[in-house]
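Observations on chain architecture
Single-letter residue listing:
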Amino acid sequence: MPLKRIAASALSDICKHSPEVGIFAYSDEYVKKNVATLIREIAKHTPELAQLITNAGGVAAVVDFIKESKGNVRLPGIMMLGYVAAHSETLAWSVIVSKGAIELAAILTENEEDHIKKCVHLPALEPLLADAPPEILKYVVGQFSKVLPNDSKARRLFVTSGGLKKVQEIKAEPNSALYEYINAINNCYPEEIVR
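A short tour of the structure in this document, coming up. Along each chain, the written sequence defines residue order, and numbers are assigned to residues from 1. In view of the model being predicted, local features appear only for residues whose pLDDT reaches at least 70, and side-chain atom pairs are presented and counted only at 80 or more, with totals across whole chains, interfaces and linings using the full set of residues. Remark: hydrogens and water are excluded; side-chain values derive from all non-hydrogen atoms of the structure.

1. Focus: the side chain of Arg155
Every helix listed is a DSSP run of H or I at least four residues long, and every strand listed is a run of E at least two residues long, numbered separately from the N terminus. Structurally, Arg155 can be placed in helix H11 (residues 152-160). Three exposure classes are used, based on accessible area relative to the maximum for each residue type with a 1.4 Å probe and protein chains only: buried under 20%, partly exposed in between, and exposed over 50%. For the purpose of counting charges, residues Lys and Arg are taken to be positive, whereas Asp and Glu are taken to be negative. His and the chain ends are not included. For this analysis, a salt bridge means a side-chain nitrogen from Lys or Arg found within 4 Å of a carboxyl oxygen belonging to Asp or Glu. In this structure, Arg155 is buried with no salt-bridge partner, the nearest side chain bearing the opposite charge being Asp151 at 6.5 Å. Any N or O atom pair separated by 3.5 Å or less is treated as a polar contact, with the protein-specific requirement of one donor-capable and one acceptor-capable atom, and with residues adjacent in sequence counted only for side-chain atom pairs. Engagement of the side chain of Arg155 in a polar contact is seen with the backbone oxygen of Pro149, the distance being 3.1 Å. Contact criterion: two residues are considered in contact whenever any of their non-hydrogen atoms come within 4.5 Å of each other. Once you skip the residues sitting within four places of it in the chain, Arg155 turns out to touch Leu148, Pro149, Asn150, Cys188 and Tyr189.

Below, the structure written as structure tokens:
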């Protein structure tokens, strides 16, 4: 019982912050990580809970947290964005609008540990392949074109999750950067898988 009291007290302290101060207004990295973990655990349950967090500015706050943090500390934030984006297209757009897609795609090119990159690979970015604005679509596909040639597990997941199919549906101008990225992705696979 005392542990539950302490936990409830800690949660109430976190909730006291006004939006101007922010829920990540702590100097301790691990407190921030635990706040992100709490938000992740709430967001993963239902689209309605994820929408409440989004409406309260939680997605934007988590994107800022990911941008400012490094390594394992930001892992729960990365996963939270994936859960939110996976609930619905509307929620996926909230991740896009909050610049979450750009931060997640950037993680793929950083010197991060493999388990962190695997949390980013497809669940959070895949919804962006269908309807993202051209500049974000180009960036996301470009990141995939850099990662997939060197990561066999990511290539397999990209096919089984439907990411490759979505890339194949993109209409790109010949000789554009997006066209080249799509060709680089296609070149990672045997012809019978690409066609």
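2. Focus on the environment of Arg195
Turning to its location among the elements, Arg195 is positioned in the segment after helix H14 (191-194). With 27 residues separating them in the primary sequence, Arg195 and Gln168 have C-alpha atoms 8.6 Å apart.

3. Description of the packing of aromatic side chains
A pair of Phe, Tyr and Trp rings is counted when the ring centres sit within 6.5 Å of each other, with Trp represented by its six-membered ring. The angle between the planes then sorts it: under 30 degrees is stacked, over 60 is edge-to-face, the rest tilted. Here the structure, examined in full by the defined rule, presents one aromatic pair. Between the aromatic rings of Phe144 and Phe158, the centroid separation amounts to 4.8 Å while the plane-to-plane angle is 45°, which identifies the pairing as tilted. Pair noted here: Phe144 is in helix H10 (residues 134-147) and Phe158 is in helix H11, with a separation of 14 residues, a long-range link. Judged by relative accessible area, which is 2%, Phe144 ranks as buried. A relative accessible area of 0% places Phe158 in the buried class.

4. Re a nonpolar patch on the surface
Nonpolar side chains (Val, Leu, Ile, Met, Phe, Trp, Tyr) within 5 Å and like charges within 9 Å form the patches, drawn only from residues with over 30% relative accessible area and no salt bridge. What sets the accessible areas is the Shrake-Rupley method with a 1.4 Å probe; for residues, cover comes only from the shown protein chains. A cluster of nonpolar side chains, namely Ile42, Leu49 and Leu52, defines an oily patch on the protein surface of about 240 Å² accessible area. Its relative accessible area of 31% is what places Leu49 among the partly exposed residues.

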